[in-house]
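Descriptive structure summary
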Amino acid sequence: MPDSEPRILRRDATSGISSSLSSFFCRLQSIWRRLIMDKTHAPDRGYGSLSATLLIAFLSLSAIVLFVFNTFDVFYNFRMQQKSIAIEQQLIAQNAANTVKYVIQEKLSILEKAISLGGVAAAGADHQKELLNKLLGTDLSFRQLAIIGFPHQELVKVSRWSQAASGTLMKQAALALSARLPPGQKYVGSVYVDQATSEPLVLLAVPVNNVFGDYKGLLIAELNLIFMWDLMDTIQIGSHGLAYVVDRQGRLLAFRDSSRVLKQENLLRVKEVQEFAEGDILTHKSSADIVKGILGTLVVCNHAHLLMPDWAVIVELPVGEAYNSVFHGFVFSIAAMLLSLFLAIVASIYLSRRITSPIIRLRDATQEIRRGNLFATITVDAKNEIGELADSFNQMVSALKQTTVSRDALLSEIAERNKIEENLRRSEEEFRLTFEHAKDAVLWADIDTGLISKCNKAAEILFEKPGEELIGQNILSLHPPEQSDYYSRFFQKHIDQKGAVDDEAEIITKTGRIIPVQISASVVSLRGKPIIQGIFHNISYYKQAEKDKTILQVQLLQAEKMAAVGQLAGGVAHEINNPMGVILGFAQSIVKGLSPVDPLYLPLTSIEREALRCKQFVADLLTFSRAGTTAKEEADINKTIDETLSMIEAQAKLKSTVIARAYADDLVPVMINKNQIQQVIVNLCNNAMDAMPDGGKITINTKQEAQQIEIIVADTGLGMPEEIQQHIFEPFFTTKSVGQGTGLGLSLCYEIIHKHGGVIEVQSAADFGSVFTIRLPVR
Amino acid sequence: MHNMFSHKYRFGRQPVFTLSMLAFVFSWAGCALKTPEIFHVGILSGLNFTAKVGDGFKTKMTVLGYVEGRNIIYDHQTTDFDITMYKMILNRFVHEQVDLIFVFPTEATQEAKAAVQGSRIPVVFAIANIEDTGLVESVRAPGNNITGVRYPGPDIALQRFEILRELAPRVKRILIPYQRGYPIVSSQLDALRPVAAAAGITLVEAPAADKEELAGLLAARTAAKNIGVDAILALAEPLFVTSDAFVVMAAFADRHHIPIAGALMMAEGHESLFGLHVNDFNVGQQAASQAVKILKGIPAGSIPIVSADPYFQLNYRAVIKLGLHVSEGLLSRANEVIR
């Protein structure tokens, strides 16, 4: 089953069919879709189903034939029924008309015979009355009979009813007729209704002649036409048909609903009656017209003319009933057509199966062969072109088997090659990804010319050059020019050794930056030709880290020294301070009691002087050891510096030194130990003045950089070489002669600033003076 | 492999489809066919004397296409002038919702009209006098869902009078016996009186409740020196057509050698000269025509009343016996001559 097929069926199933009839049509639809969508073996190539095509063709042909046949059949039946109805109605109407006509003519004939046989013309009144009584007894349809003589108009009358009830109508009628009726002419009057009995009556009149044919009067009869009413009742026209009689004026004379007759209804509104009233009797053509009938419904209508009297019988049949057989015929035609269509479907499916089954087997076999099954054959019993095609196919398969014996090996080799190619493609892809996305710069260069032939993205970043610019450059140009010779030799040696070499080196970027790198160079073979592959690993970070590590180590060492010195100094100062105080006290006391010429005066003053120096030294040691324990306060740096300078300005003048101030105005107050910071300034200024034996200039700047206050103390002294700078903050390091310095001044500055969370740096060069920069945190 | 010829899609279920489709088609076609309607008609024959009316009705109905058992069912009930039974039978008809009630004569028709009040059951009557009974509104449009064949009582009374005079021209005094209080008598007398007066004839009216009273009246005349009448003429009423009463009247006529006529009666050696009545069978047929119109859908109240034709029966034997002369014309007009 192709994938598309169940999807379509499921989609159909969602259409919500509940009734069995709908289910039936759904089933048909399902089969139909299966036929249409039969793409079992070629779902993606848009092939239709031959079975479906044949089925459609058969069905279409059957449907067309059935439709045409049924259409003609229904139309023919309709026309035949129309003719049949016209004939039938005409016969019924004519039969009824004849019945009425014959009754009336028979009555006229009876009257004529009675005249001729009874000798009415020559008889007397009594004889005439007796004759009329006989006639009345002979025929029950005569209500009254009368003879009126000519020219004297004597009247003889008999009645079926009492003389009293019959009244004078007959006499009046007889007189009127005798006056206007031409001699020798028969007469049929208009229909009228008896008021007492509600019966339809008509006057008949025949001339009374003697044996010589002379006109002697009229024999008038009042004829009861109730038979005509009964006749209209008894006429059977289908189940719901009806008949009625009208005269030339359209008056209704007889109808089953006698109340309408009694009203003497005029029916000229009925088209058939109008046709009779206005039409030419001789040219009337019988037709089953569909008109609005006497009851106001659509009927098939026809009429027959009586001629004598001038009446017509109209017959009507409801349209539905008239064409009921046509309708039933139509229904059964539809049923037959549906049944035929169903049989046509079955036959079509069967035939299409017969035709397409071997073709489908052929198709399946070819697809089996396509999938590699060369043993697929088909068996078709048909002895026709398809059977011939099947035989040819089997022969073709046999030949194909012979020519494709090594196909499996070939397929295996192809598969192997495909696998290798796939591996190659994968390897190449992996290499390409590795090469292009490596974090280290990779360069390939020609081994003979040293020209770069390929580089990766990391190389472009490292050398700050696009790949196009790198390719074609000599690898030596990647290094600082002064090192070209070295690297030339380096690469040559590497090439000669034909091995891999790792070494640290420096490269120069497009912007001139020198970057330390670790080079891993090797000679590799590319498509048989040796090339140099260099991998450049940026080691700037490591170098910087190494440098930082060294600094940290120095600082650590310095800190350790300072701590040790501080601890030592504290202990020493504590132990020395007291005895030194005693020595100094006694020395000064003795000196005060001696005259300068006393031989002990000089030694004692020396003891006093040295003791004072020792005291100062001890004081410094104590300051050094207590630097981190002093309380801080918020202070204005500029003001603090000014107070400090005021203390040393006198000394500076003595040493021909100028102190210049360059303060920033917007310094924020900082938390400091004011005395300690002042001591730092004093120490730096003293050192500066010591460095300017011939005088000079000390410049003190202050400024705020972000969250730091900078104090810069610069002099124009001798400056310091690098090797001295490295030790100036170490305790007891001094370049001064013995007795001139303790070596604690700058180390004390360092300790104080460090305890304040700041840093102190020095920049100095021989003969260019020194610059000390102090950075204190604002908070 | 799935395709149209896969085993799953063979036609195992096709017979079901076929039957379904055929059932659908034929049920559709069958919708056009109608079940024939069967009418239920109740007949009340209220007087044995007129029993043939029912036969004529059924016969004509058959002729007109209403065949008993096929498309019409009759519930034919017979009783002899029993008003209580009339009511009971008619109420049952109404309860059973019959399609039509055919009833005769006048008294039964009056009860029928009352019984169907409030229902839609039409009534067809026969041999009923419409004069002085209030059965219908008019001859042309009777109304009240009722129609039928009227009994032409006044005209028949006049014709009886005329025939009697033709047979016995010397008669000057005519005894008119009738049941006292019978409703249709007055209209007949009203018709007769002016005609008799114009002809110089004296009508001797003799109302009686029963034969005993009638016998008493006649005995009194017999006892008198002059019986005071020259003939006895029957009206359309029940007393004359009751055998016992007729015998009393006929015996009186025979004893005094006077004609007795109007209704044809023969009992205990006595017989009347002629009878002018209606043909019950024919009347039944006339009523059938009316009934068919109703069954075809025409409202009964709009169907005009028709009149029954008179039926003349001449007892030639009795006429001769009484020494009277019969004209050839009268003989010719007789529908039936008894010799």
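Refer to the structure above for everything that follows.
So, here is what we can say about the structure in this document.

1. Regarding the overall build of chain A
Assigned secondary structure in chain A consists of 22 helices and 22 strands. Counting all 779 residues of chain A, 42% fall into the buried class. In chain A, the proportion of contacts linking residues at least 24 apart, taken out of those at least 6 apart, comes to 57%. Carbon and sulfur atoms form 57% of the exposed surface of chain A, whose accessible area is close to 41800 Å².

2. A few points about the sheet that holds strand β4 (residues 123-128) of chain B
Residue and element names in this part refer to chain B. Strand order in the open sheet made by the 6 strands is β2-β1-β3-β4-β5-β13, with parallel pairing throughout. The open sheet terminates on both sides in strands that have one partner only, identified here as β2 (72-78) and β13 (306-307). Pairing analysis gives 5 bridges linking strand β1 (residues 39-45) to strand β3 (residues 100-104), with the strands arranged parallel. When the sheet's bridge partners are listed, V41 is paired in β3 with L100.

3. Quick look at helix α19 (residues 637-654) of chain A
Residue and element names in this part refer to chain A. The end-to-end C-alpha distance of α19, which contains 18 residues, comes to 26 Å, matching closely the 26 Å that a straight helix rising 1.5 Å per residue would cover. The sharpest bend along α19 comes to roughly 45°, located at I648. For α19, every residue scored as buried is listed here: I637, N638, T640, I641, T644, L645, I648 and A652. Once α19 finishes, S656 follows within two positions and takes phi at roughly 55°, a positive value.

4. Digging into the environment of V582 of chain A
Its location among the elements puts V582 of chain A in helix α17 (residues 540-593). Considering only alpha carbons, one finds V582 of chain A and A611 of chain A, 29 residues apart in sequence, at a separation of 9.6 Å.

5. Notes on the nonpolar core
Side chains of nonpolar character tend, in soluble globular proteins, to be buried together. Among the nonpolar cores identified, the biggest contains 71 residues, and I104, L111, L145, L219, Y244, V246 and W311 of chain A are the most heavily contacted of them. When residues of this core are assigned to their parent elements, the largest contribution, 12 residues, is made by helix α3 (residues 50-118) of chain A. Core analysis: the next-biggest nonpolar cluster, separate from the first, contains 68 residues, Y151, I176, Y178 and L233 of chain B among them.

6. Comments concerning the pairing of strand β10 (residues 311-318) of chain A
Residues and elements named next belong to chain A. Burial of β10 is extensive: 7 of the 8 residues sit out of reach of the surface. With 6 bridges joining them, strand β6 (residues 242-247) and β10 adopt antiparallel strand pairing. Bridging from a neighbouring strand, D247 pairs with W311 of β10. As paired elements, strand β9 (residues 298-305) and β10 share 7 bridges and run antiparallel to each other. Bridged to C301 within β10 is E316.

7. Some points on helix α4 (residues 106-115) of chain B
A large share of α4 of chain B lies buried, amounting to 8 of its 10 residues. Turning to α4 of chain B, its buried residues are T106, E107, A108, T109, E111, A112, K113 and A115 of chain B.

8. A few points about the packing of aromatic side chains
Scanning all chains against the criterion turns up 15 aromatic pairs over all chains. A centroid spacing of 5.5 Å and a plane angle of 80° characterise the contact between F463 of chain A and F536 of chain A, whose relative ring orientation is edge-to-face. Of this pair, F463 of chain A sits in helix α14 (residues 457-463) while F536 of chain A sits in strand β15 (residues 529-538), and the two are 73 residues apart along the sequence. As far as burial versus exposure is concerned, F463 of chain A and F536 of chain A are alike and both buried. Taking the centre distance of 5.9 Å and the plane angle of 80° together, the rings of F274 of chain B and F312 of chain B count as edge-to-face. Residue F274 of chain B is located in strand β12 (residues 274-278), and its partner F312 of chain B is located in strand β14 (residues 310-315); the two are separated by 38 residues in the primary sequence. F312 of chain B sits in the buried class, given a relative accessible area of 3%. Taken together, the aromatic side chains of F57, Y74, F102 and F104 of chain B make up a single cluster linked through ring pairs. Across from the ring centre of F276 of chain A, 4.7 Å away, lies the NZ or CZ of R248 of chain A, which sits over that ring.

9. Here's the deal with the pairing of strand β1 (residues 142-149) of chain A
All names here are of chain A. Counting buried positions along β1 gives 8 out of 8 residues, so the element sits mostly inside the fold. Looking at chain direction, β1 and strand β5 (residues 215-224) are connected through 7 bridges and run antiparallel. Across the sheet, I148 pairs through a bridge with L218, a residue of β5.

10. Considering the state of the cysteines
All names here are of chain A. Taken as a whole, this structure holds 0 disulfides over all chains when the rule is applied. With no disulfide of its own, C749 lies closest to C685 among cysteine sulfurs, the gap being 9.8 Å. The buried category is assigned to C749, whose relative accessible area is 0%.

11. Here we look at the packing of helix α5 (residues 153-167) of chain B against helix α6 (residues 185-199) of chain B
Residue and element names in this part refer to chain B. Closest axis-to-axis distance for the α5/α6 pair is 8 Å, and the angle between their directions is 35°. Crossing handedness for the pair α5 and α6: right-handed. Along its contact with α5, which presents G153, P154, A157, L158, F161 and R165, the element α6 presents S187, Q188, A191, L192, V195, A196 and A199. In terms of residue class, the contact of α5 with α6 is made up of 9 nonpolar, 3 polar and 1 charged.

12. Thoughts on the sheet that holds β6 of chain A
Residues and elements named next belong to chain A. With antiparallel pairing, the 5 strands of this open sheet are ordered in space as β7-β6-β10-β9-β8. For this open sheet the edge positions go to β7 (252-254) and β8 (289-292), each flanked by a neighbour on one side alone. Between one strand and the next, the sheet's axes are offset by a mean angle of 45°, whatever the strand orientation. Sheet topology note: the β6/β7 ladder contains 2 bridges and is antiparallel. Counted as the bridge partner of V245 is A254 from β7. With respect to the sheet, α3 is in contact with β9 and β10, its orientation differing from that of β9 by roughly 40°. Packed onto the sheet, helix α7 (residues 226-234) meets β6, β7 and β10 and runs at close to 85° relative to β7.

13. Things to note about unusual backbone geometry
Generally, phi is negative for residues other than glycine and the peptide bonds are trans, each holding for most cases. Residue and element names in this part refer to chain B. Cis geometry is found at the peptide bond from F104 to P105, where omega equals 0°. Along the polypeptide, P105 turns up in the loop between β3 and α4. The phi angle at Q97 is positive, at roughly 55°, despite the residue not being glycine. You can see Q97 is positioned in the loop between α3 (83-95) and β3. Under the relative-accessibility criterion, Q97 is labelled exposed at 52%. Despite not being glycine, N145 shows a phi value in the positive range, around 60°. For N145, a relative accessible area of 26% corresponds to the partly exposed category.

14. Examining the environment of Q395 of chain A
Along the chain, Q395 of chain A turns up in helix α12 (residues 385-403). Q395 of chain A sits 18 residues away from T377 of chain A along the chain, and the two C-alpha atoms are 9.2 Å apart.

15. As for empty space enclosed by the protein
Under the counting rule described, the total for this entry stands at 7 cavities of 30 Å³ or more. Considered as a void within the structure, the largest cavity measures approximately 260 Å³ in volume. L47, Y182, A236, E237 and H277 of chain B are the residues nearest the centre of the largest cavity, which is lined by 20 residues in total. Residues of the lining of the largest cavity, tallied by class, amount to 13 nonpolar, 4 polar and 3 charged. Both domains that furnish three or more residues to the lining of the largest cavity are identified here as domain 1 (39-151 + 279-309) and domain 2 (154-278 + 312-338) of chain B. Considering the residues around the second largest cavity, the lining is formed by L136 and R160 of chain A together with Q159, I163, L276, P310, Y311, F312, R333 and N335 of chain B.

16. Examining the packing of α3 of chain B against α4 of chain B
Residues and elements named next belong to chain B. Interaxial distance between α3 and α4 falls to 9 Å at its minimum, and their mutual angle equals 40°. For the element pair α3 / α4, the angle class is oblique. When you trace α3 past α4, the crossing you get is right-handed. Contacts from I83, Y86, K87, L90, N91 and V94 in α3 reach E107, A108, E111, A112 and A115 in α4. Here the contact of α3 with α4 is composed, by residue class, of 7 nonpolar, 1 polar and 3 charged.

Rules used throughout
- Residues numbered from 1 in each chain as written.
- Chains lettered and ligands numbered in written order.
- Predicted model: local features only at pLDDT ≥ 70, side-chain atom pairs only at ≥ 80, totals over all residues.
- Heavy atoms only, no water.
- Helix = DSSP H or I, 4+ residues; strand = E, 2+ residues; numbered from the N terminus.
- Buried < 20%, exposed > 50% of the residue type's maximum accessible area, 1.4 Å probe, protein only.
- Contact = heavy atoms within 4.5 Å.
- Areas by Shrake-Rupley, 256 points an atom, 1.4 Å probe, with all protein chains shown as cover.
- Pairing = 2+ DSSP bridges.
- Expected span 1.5 Å × (residues − 1).
- Bend = angle between axes of the 7 residues up to and from the residue.
- Core = buried A, V, L, I, M, F, W, Y, C linked by side-chain atoms within 4.5 Å.
- Phe/Tyr/Trp six-rings, centres within 6.5 Å; stacked < 30°, edge-to-face > 60°.
- Lys NZ or Arg CZ within 6 Å of the ring centre and 35° of its normal.
- Disulfide = S-S within 2.5 Å.
- Axes fitted to C-alpha atoms, helices over the stretch in contact; angles between N-to-C directions.
- Left-handed = near helix turned anticlockwise from the far one by under 90°.
- Nonpolar A, V, L, I, M, F, W, Y, C, P; charged D, E, K, R; others polar.
- 1 Å grid on protein atoms, 1.4 Å probe; cavity = no way out; pocket = protein on both sides within 12 Å on 5 of 7 lines; lining within 4 Å.
- Points joined across faces, edges and corners; volume = space filled by probe spheres on them.
- Domains from an automatic or database assignment.
- Parallel < 35°, antiparallel > 145°, perpendicular 65-115°, else oblique.

Distances and angles like these do not, on their own, reveal function.
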